[in-house]
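# Structure assessment
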Number of protein chains: 2
Amino acid sequence: MAYYTPAQIGMLLAEVDTPALLLDLDAFERNLKLLNESLAGRKINVRPHAKSHKCPQIAKRQMALGAVGVCCQKVSEAEAMVDGGVPDVLIANEVVGAAKIKRLIALARRAKIAVCADNAHNISALDAAAGAAGVRLDVLVEINVGANRCGAQPGEPAFRLAQQIHQSQNLRFAGLQAYQGSAQHLRKTEERRAAIEGACDSVKRTTALLEKAGIPCERVTGAGTGSYMFEAASSVYHELQTGSYIFMDVDYSKNDWTESGIPRFEHSLFIWATVMSTPAPDRAICDAGLKASSVDSGMPRVFDTQGVEYVKASDEHGVLKVDAGVSLPLGTKLKLVPGHCDPTVNLYDHYVCVRGGKVEALWPIAARGAVL
Amino acid sequence: MAYYTPAQIGMLLAEVDTPALLLDLDAFERNLKLLNESLAGRKINVRPHAKSHKCPQIAKRQMALGAVGVCCQKVSEAEAMVDGGVPDVLIANEVVGAAKIKRLIALARRAKIAVCADNAHNISALDAAAGAAGVRLDVLVEINVGANRCGAQPGEPAFRLAQQIHQSQNLRFAGLQAYQGSAQHLRKTEERRAAIEGACDSVKRTTALLEKAGIPCERVTGAGTGSYMFEAASSVYHELQTGSYIFMDVDYSKNDWTESGIPRFEHSLFIWATVMSTPAPDRAICDAGLKASSVDSGMPRVFDTQGVEYVKASDEHGVLKVDAGVSLPLGTKLKLVPGHCDPTVNLYDHYVCVRGGKVEALWPIAARGAVL
């Protein structure tokens, strides 16, 4: 828990202390609706990724608009969601190691839980733990559809794992996890479309084997904010795992969306920062550095102030390049768009939710730091 | 607070869940002593920077070995230190804005507090707030000694601010903050030495003016792990602000230390990670990504396993390149050295303190997330 909270409900935005993580509620709500509108008429489920927001209040708003549940990446993240009232979580990731599997199984007694696997030994461990607890666990096979991260190879290797799950006494084969992570930030629409076509081919090679063996594959799940309309149109995917659409970050804003069918989601997430030093006419320093904004995907972008660029981050400072003629007095507060929303959210304990220039709510980031 | 803690006291290291932040107590204690030994016979104070560790338990161990207090970067960080029993904190940074200044002044009633300033308006605001609270506040002038971040220009501009503080009714001029941050990671000893010589010249230009005006300058403070022996030998600095020496990260380990007088501090801080997927002979995936390790200064380094390289981080995954012939079975636990210790520490709620393969203590990272 941060040592003190930067805001209180009812406070003016101008009074909110810095650095703080702001959520513009109007923009956020428009993004929720934009996703739904973009998918109108399509038979596809939405299961947003909670690794982006880590906040049950947001998950419940997504479900109120039709989401079937959420994805998580970690058991501890899923625990935070279930404790916060989310009844249905897919851990879109492998869970390895006795301590984590034990907690996973315990959670599956309290909520609808599914998990991914890409390894035969891990499947055996899940089966044994589920059996010992008298639980039947839903397990999806993760396949590598081009991101070259986790995931079994499509076709025979993935099929064999699905068969193992299908034959395990305490597991139920619940489908395929097929997220093409490396497609999401390809800048051109056509590059992303081609990457998802490749992913669909990989899925189809696998489902053909499952069908032949009579193993039902009830769900193919994947997709992110950069590509989801391609998966939605594919007739291969049943479920979309978009996460960042609610916030939009600088990295996603660099994508070309032309003819993608993906709407222009708005920036709703900001780092609220103060100009704390004005040592030279062309340089100012703000109080939001590496501990206030993850720079793994590039620097934050100054949102609503012209002629000011965030050029360098150190632990607690951001260096701002100030154009000639721009006045940026000491104490000026600025909105910064994070370079990458997910690891930035993970730095904070609260969203300071703002509407009409006032703080409307403080939503705890319940799964902040939930890496286990 | 993370959703569950990865370890309990007495547990074997092998049982500690992942990702976790490990502190090797033997190596940490050797680093504490190495710093002292390197400074033996020199008349210079040590005031380690608590922005690196954010942990009163560590601060108190530093003070037990002779440190005069700690530095902090944020008021909330200083609050965490004072609450944890640290009696003397220099906020080696500017504090701007009414809310923060109010807390700063309140803290100065409870502990020995000093703060930096580089702006006349800010000095007036500090004076007014101190006066309203009936407190006399110690203020140092930060000068730009080459890092081009915060800080007044040396010489006349810095002198005028010192004079203003000296003449303020409720402030006391307490010296110069002269940290050369951009020198710390210059790889060659001679480059760092030259940068600190430049910093010393900047300090001397300023202290000459102070002396002429009869304004006593009781303290020149600065230095980091990459350069501190040069400041110690300068006869210009009175106080060293080394932070990372207790941990050592990958970035610092790339410095050449030859003829610097700076000892080879050991890696004592590790991310404990599990191999959670082994999808190809040359690729394994561990469970420590961007939310477990800041990559702003490069990727973590695999510590004690040959033939394995951490090559890419995503939110919750690290991609490991595995050399031919190296076996890295699913579930293998690895120690990773963080690329940059400070923002990595800020991701965790506890140090899992290990000695002799066992968990000896869990130290809360009390100022985790203390960015305000």
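Residues numbered from 1 in each chain as written. Chains lettered and ligands numbered in written order. Predicted model: local features only at pLDDT ≥ 70, side-chain atom pairs only at ≥ 80, totals over all residues.

### Description of the overall build of chain A
Helix and strand counts for chain A come out as 10 helices and 17 strands. Computed over the C-alpha atoms, the radius of gyration of chain A is 22 Å, within 12% of the 21 Å expected from 2.2 N^0.38 for a compact globule of 372 residues. Here chain A, with 372 residues, has 57% of them falling under the buried criterion. Contacts in chain A between residues far apart in sequence, at least 24 positions, make up 68% of those at least 6 positions apart. (Helix = DSSP H or I, 4+ residues; strand = E, 2+ residues; numbered from the N terminus. Rg over C-alpha atoms; globule rule 2.2 N^0.38 Å. Buried ≥ 20, exposed ≤ 12 C-beta atoms within 10 Å, placed from the backbone. Contact = placed C-beta atoms within 7 Å.)

### A short note on unusual backbone geometry
In the segment running from A:T18 into A:P19, the intervening peptide bond is cis, with an omega of -10°. With respect to the secondary-structure elements, A:P19 resides in the segment before β1 (20–24). Phi is positive for B:A223, which is not a glycine, with a value near 85°. If you trace the backbone, B:A223 turns up in the loop between β8 (220–222) and α8 (228–232). Residue B:A223 is classed as buried on the basis of its 30 C-beta neighbours within 10 Å. Within the chain, B:M248 stands out as a residue other than glycine whose phi angle is a positive 60°. Looking at where B:M248 falls in the secondary structure, it is placed in the loop between β9 (239–240) and α9 (250–253).

### Regarding the interface of chain A and chain B
Taken together, the contact pairs 60 residues of chain A with 60 residues of chain B. Put simply, the parts of the chain that give the side of chain A that touches chain B at least two residues each are α3 (75–83), β4 (88–94), α4 (98–108), α5 (120–133), β10 (269–280) and α10 (341–345) of chain A. Per-element tally for the side of chain A that touches chain B: the top contributor is β10(A), with 5 residues. Across the side of chain A that touches chain B, the residue classes break down as 27 nonpolar, 19 polar and 14 charged. (Nonpolar A, V, L, I, M, F, W, Y, C, P; charged D, E, K, R; others polar.)

### A closer look at the sheet that holds strand β7 (residues 171–177) of chain A
On the basis of which strands lie adjacent, the open sheet formed by 8 strands has the order β2-β9-β8-β7-β6-β5-β4-β3 (chain A) and parallel pairing. Both outer strands of the open sheet, β2 (45–46) and β3 (70–72) of chain A, are each paired with one neighbouring strand and no more. (Pairing = 2+ DSSP bridges.)

### Remarks on the confidence of the model for chain A
Here chain A averages 97 in pLDDT, while 99% of its residues score no lower than 70. For this predicted complex, the interface confidence comes out at an ipTM of 0.97, alongside a pTM of 0.97. (pLDDT = per-residue confidence, 0-100.)

### As for the relation of the copies chain A and chain B
For the pair of chain copies, the relating operation is a rotation around an axis with a shift along it. Between chain A and chain B, which share one sequence, the superposing operator has a rotation angle of 180° and an axial displacement of 0.0 Å; the RMSD is 0.0 Å. The operation mapping one copy onto its partner corresponds to a two-fold rotation axis. Both copies share a contact surface, since 100% of the interface residues of chain A are interface residues in chain B too. (Least-squares fit on C-alpha atoms with pLDDT ≥ 70 in both.)

### A few points about helix α2 (residues 56–64) of chain A
Residues and elements named next belong to chain A. Within α2 the residues assigned to the buried category are P56, I58, A59 and Q62. The buried residues of α2 occupy one face: seen down the axis, they fall within an arc of 160°. Immediately beyond the C-terminal end of α2, within one or two residues, lies G66, with a positive phi of roughly 115°. (Arc of directions from axis to C-beta.)

### Comments concerning the pairing of strand β13 (residues 308–313) of chain B
Here is the key point about a regular strand: its side chains alternate between the two faces of the sheet. Residues and elements named next belong to chain B. The sheet contact formed by β13 and strand β14 (residues 318–322) spans 5 bridges and is antiparallel. Across the sheet, the residue bridging to E309 is K321, located in β14. If you look at the hairpin formed by β13 and β14, you'll find 4 residues sitting between the two strands.

### Re the environment of A:C286
With respect to the helices and strands, the residue A:C286 is situated in strand β11 (residues 283–286). Those residues within four positions of A:C286 in sequence are excluded, and the remaining contacts are A:A273, A:T274, A:V275, A:M276, A:G318, A:L320 and A:L334.

### What about the packing of helix α3 (residues 75–83) of chain B against helix α4 (residues 98–108) of chain B?
Residue and element names in this part refer to chain B. Close contact between α3 and α4 brings their axes to 10 Å; oriented N to C, the two are set at 25°. Classified by the angle their axes make, α3 and α4 are roughly parallel. The chirality of how α3 crosses α4 is left-handed. For the pair α3 and α4, contact is made by V75, A78, E79 and V82 and by K100, R103, L104 and L107, respectively. Here the contact of α3 with α4 is composed, by residue class, of 5 nonpolar, no polar and 3 charged. (Axes fitted to C-alpha atoms, helices over the stretch in contact; angles between N-to-C directions. Parallel < 35°, antiparallel > 145°, perpendicular 65-115°, else oblique. Left-handed = near helix turned anticlockwise from the far one by under 90°.)

### Considering the sheet that holds strand β6 (residues 137–142) of chain B
Residues and elements named next belong to chain B. Strand order in the open sheet formed by 8 strands is β2-β9-β8-β7-β6-β5-β4-β3, and the pairing between neighbours is parallel. Only two strands of the sheet have a single neighbouring strand rather than two, namely β2 (45–46) and β3 (70–72). Looking at chain direction, strand β5 (residues 112–117) and β6 are connected through 4 bridges and run parallel. Bridge pairing in β6 links V115 to V139. In the packing of helix α5 (residues 120–133) onto the sheet, contacts are made with β4 (88–94), β5, β6 and β7 (171–177), and the angle to β6 comes to roughly 175°.

### A few points about the pairing of β11(A)
Residues and elements named next belong to chain A. The pairing of β10 with β11 spans 3 bridges and is classified as antiparallel. Bridging from a neighbouring strand, S277 pairs with I285 of β11. Linkage of β10 to β11, two consecutive antiparallel strands, is achieved through a turn of 2 residues. Across 4 bridges, β11 lies against strand β14 (residues 318–322) in antiparallel orientation. Looking at β14, one finds that I285 is bridged to V319.

### A look at the domain arrangement of chain A
Residue and element names in this part refer to chain A. Each assigned domain of chain A is listed here: domain 1 (13–21 + 266–364) and domain 2 (39–248). Computed over C-alpha atoms, the centres of domain 1 and domain 2 are 34 Å apart. Tallying the contact residues gives 10 residues for domain 1 and 10 residues for domain 2. Tallied by class, the residues present in the side of domain 1 that touches domain 2 amount to 5 nonpolar, 3 polar and 2 charged. (Domains from an automatic or database assignment.)

### Quick notes on the environment of A:G10
Residues and elements named next belong to chain A. On the secondary structure map, G10 appears in the segment before β1. Put simply, G10 and E37 are 27 residues apart on the chain and 32 Å apart in space, counted from C-alpha to C-alpha. In contact with G10, other than residues within four places in its own chain, are K358 and V359.

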